[in-house]
Amino acid sequence: MILTARRFAPMATRMRLKLKTVFVLYFMVSLMGLIYALMQLGQRCDCTEHDMPKDRTISRLRGELHRLQELTRKAEADLTPRQAVKSTLTTIFVITPTYTRFVQKAELTRLSQTFLHVPQLHWLLVEDSPHKTPLVAGLLARSGLAYTHLHTPTPKERKLQDGDPSWLKPRGAEQRNEGLRWLREDRRVQQGADGQRGVVYFADDDNTYGLQLFEEMRSTKRVSVWPVGLVGGMRYERPVVEGGKVVRFHTGWRPSRPFPLDMAGFAVSLKSVLANQDACFDGNAPMGFLESSFLQGVVTMEELEPKADNCTKVLVWHTRTEKPKMKREDALQAQGLGSDTTVEV
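Residues numbered from 1 in each chain as written. Predicted model: local features only at pLDDT ≥ 70, side-chain atom pairs only at ≥ 80, totals over all residues. Heavy atoms only, no water.

Some points on unusual backbone geometry
Even without being glycine, Arg254 reaches a positive phi, approximately 45°. Given a relative accessible area of 42%, Arg254 falls into the partly exposed group. With phi around 55°, Asn310 is a residue other than glycine that occupies positive phi space. (Buried < 20%, exposed > 50% of the residue type's maximum accessible area, 1.4 Å probe, protein only.)

Laid out in structure tokens, this is it:
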């Protein structure tokens, strides 16, 4: 046992030396690390490894922002020429008479949404009323259109009574004349030639209008004309054109009238409206002569400008909405169970 202990004594001594050496080395490395850390105090820390996920998110957001900025610049570049083109277009002033009835809001909604597709259009909506109604005012405010809201009542003696046929008396004469009055007064204060640039069109609220029609009329120099479908008991009425000039009219009723045209079948340049201050619609005109009463003060037949491929294409239709039957509503009203009248229809 003594020999064995003596044999292992040098080995134990060597192990103690190795542990001491390891401890010294560990101490030196730690001390050097502490010194290095102290030297780095106050200097910018490279935290790339720690902040890598956050940095990647920031980098991605910056890239997305840059991409959106580029798209915005491109959109603005594309939009600017369009705005320039739009501003050079001739304005179409559309005069529409309207009156209170069950289908009024439905008719005006459909018409306004057609007009939304027509650039550079100004809608003059004229109520047959002694005052502006909330229904029409609200619809116009929500329409997204450039508009002017006017009103003037039809004299009682010129109004149709219940049971009268629609053709018995001219309708909308006072309202169209109110629109003409506003144009003449408003444009009078406009300076320069641009104040007289424009086209005036009389659009009833129950007709159906193709978008091409408005582009056809935009180049009107005096009075332009075209066919109207489903009117006068015929498939269409139209001016007949020969050699680029209107020579007669295809109509089924009194073709001898000065201008046997439907209200939807012509447009007038704003310049002609301003130059002929007395031209207006005669509320006492005989049946079928309302259009002629206005046009005779503005143009001659030889001066008419045929549009729509020499008046061979129908782009507007004289449609009418069926009057709603309210028998059940009336019965419920009599029982005190009718629809809530505060709900706008």
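So, helix 10 (residues 327-334)
Taken across its eight residues, helix 10 has zero buried, putting it largely on the surface. Positive phi shows up at Gly336, right after helix 10, with a value of about 75°. (Helix = DSSP H or I, 4+ residues; strand = E, 2+ residues; numbered from the N terminus.)

As for the packing of helix 3 (residues 104-115) against helix 4 (residues 134-143)
Running from N to C, helix 3 and helix 4 point in directions that differ by 20°, and their axes come no closer than 11 Å. Taken together, the axes of helix 3 and helix 4 are roughly parallel relative to one another. The hand of the helix 3/helix 4 crossing is right-handed. Between helix 3 and helix 4, the contacting residues are Gln104, Lys105, Leu108, Thr109 and Ser112 on the first element and Leu135, Val136, Leu139, Arg142 and Ser143 on the second. (Axes fitted to C-alpha atoms, helices over the stretch in contact; angles between N-to-C directions. Parallel < 35°, antiparallel > 145°, perpendicular 65-115°, else oblique. Left-handed = near helix turned anticlockwise from the far one by under 90°. Contact = heavy atoms within 4.5 Å.)

Some details on the packing of aromatic side chains
All chains considered together, the criterion is met by 10 aromatic pairs. Their ring planes at 55° and their centres at 6.1 Å tell us that Phe202 and Phe266 sit as a pair that is tilted. Taken together, the positions of Phe202 in strand 4 (residues 199-202) and Phe266 in strand 10 (residues 266-269) put the pair 64 residues apart, joining distant regions of the chain. Owing to a relative accessible area of 1%, Phe202 belongs among the buried residues under this scheme. A relative accessible area of 0% places Phe266 in the buried class. Seen from their ring centres, Phe202 and Phe294 are 5.5 Å apart, and the 80° between their planes marks the pair as edge-to-face. (Phe/Tyr/Trp six-rings, centres within 6.5 Å; stacked < 30°, edge-to-face > 60°.)

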